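# Architecture and fold: a report
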Amino acid sequence: MLVRAITAPGLRRWCRGQRGAAAACFPLGRALLGVRGAEAAVFLQGLLTNDVTQLVAAGDAPRALYAHALNVQGRCLYDVILYRLRGSTAEEPHILLECDSSVLDSIQKHLKLYKIRRKVTIAPCPELSLWAVIPGEQPGDASSLPKCADPALLLTPDPRADVMGWRLIAKKGANLSEIIPGSQVGDVQDYHRHRYKQGIPEGVKDLPPGVALPLESNLAFMNGISFTKGCYIGQELTARTHHMGVIRKRLLPVTFPEPLPGIPEGAEILTESGKRAGKFRAGGGELGIALLRLAHVSEPLCIHLAGERVKLRATTPQWWPKAAAK
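Residues numbered from 1 in each chain as written. Predicted model: local features only at pLDDT ≥ 70, side-chain atom pairs only at ≥ 80, totals over all residues. Heavy atoms only, no water.

By the naming in an unreviewed UniProt entry, the chain is Iron-sulfur cluster assembly factor IBA57, mitochondrial, taken from Erythrocercus mccallii. The heading Sequence similarities (unreviewed entry) in the UniProt record of the chain holds the text "Belongs to the GcvT family. CAF17/IBA57 subfamily." Under the Subcellular location (unreviewed entry) heading, UniProt states for the chain: "Mitochondrion". (UniProt positions renumbered as here; feature names shortened; annotations may be inferred.)

### Quick notes on the sheet that holds strand E18 (residues 308-314)
Spatially, six strands are ordered E13-E16-E15-E14-E17-E18 in a closed barrel, and the strand pairing comes out antiparallel. The average angle at which neighbouring strand axes cross in this sheet is 45°, direction not considered. With seven bridges joining them, strand E13 (residues 249-255) and strand E16 (residues 287-293) adopt antiparallel strand pairing. Within E16, the position partnered with Leu251 by the bridge is Leu291. (Pairing = 2+ DSSP bridges. Helix = DSSP H or I, 4+ residues; strand = E, 2+ residues; numbered from the N terminus. Axes fitted to C-alpha atoms, helices over the stretch in contact; angles between N-to-C directions.)

### Considering the pattern of salt bridges
Under the definition given, this model contains eleven salt bridges. Close ionic contact of Arg160 with Glu202 constitutes a salt bridge, the shortest N to O distance being 2.8 Å. Taken together, the positions of Arg160 in the loop between strand E10 (153-157) and strand E11 (166-171) and Glu202 in the loop between helix H5 (188-198) and helix H6 (235-244) put the pair 42 residues apart, joining distant regions of the chain. You can call Glu202 buried: its relative accessible area is 8%. Two residues, Arg240 and Glu236, come together in a salt bridge whose shortest N-O distance is 3.7 Å. Of this pair, Arg240 and Glu236 both sit in helix H6, separated by four residues, roughly a single helical turn. The exposure class of Arg240 is partly exposed, given its relative accessible area of 41%. (Salt bridge = Lys/Arg side-chain N within 4 Å of Asp/Glu carboxyl O. Buried < 20%, exposed > 50% of the residue type's maximum accessible area, 1.4 Å probe, protein only.)

### A short note on the environment of His110
Locating His110 in the fold gives a position in helix H3 (residues 104-115). Overall, His110 belongs to the buried group, its relative accessible area being 11%. In this structure the C-alpha to C-alpha distance between His110 and Leu77, which are 33 residues apart in sequence, comes to 9.8 Å. Among residues more than four places away in sequence, those in contact with His110 are Leu77 and Tyr78. (Contact = heavy atoms within 4.5 Å.)

In structure tokens:
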């Protein structure tokens, strides 16, 4: 398989440009699904929130897109990142779909349900591994990545936000220190802590299937939706909410005074006066992510654990648009 990629000399220049900070490479437990064929982009176009045709457009097309697959009620089923693989102009486009590994079987069934007579093949890619690359404390600049072809890997900016660094796809067993000189393999829990600190949801715990709403989950902030692409499953509620301009709840990063084990998913978050402010989604240690009413974000908040009231603090991520929480 040929993959658009970054060559080793380009990676060395990039690493040297990170002010001496070693890049951390985190092995992700996400699955990769190949969607290939002449109609691959058109097929996915009707199932996902983003404009998939951008991936196969001529010229300087993006190499990655973030999107959600919704149910008919407009609620999130799967959060995905799409990657454009194209070995040559003569080869038909090949799209890789990244998803939570726990839903790999169900997303295959979902895609095949709508495939009908499309000229598309859908198959897992167990020979590939997926990594998140976070360059120290520097968020990185997508424009600093050279664009060259290489037969073994793909390195592209994470399409959701600059603070998430890059996504790397390589052959299983590849030597990361050769691909990104000076890099270190990190603990994946540190990657999740970084996500929670930035308020970036990922996977079924953060985005419960059939429960999470895309705009409350900050999909528009993370470049994951097109409001001009035309029809797709679940579009009606999403478009209506967007055009009304009223979003009262959003996913936000939360911080506890100290690491807390075993916070129940969906635990009620309250204001000091006892009003319901939202629900805890997931977390690790003293960090987490919660769906909160924006009206209560600046208030003191708490959660009841084992009969005790534990305080927590919500923050608005710096990478959000300036007027997002107003």
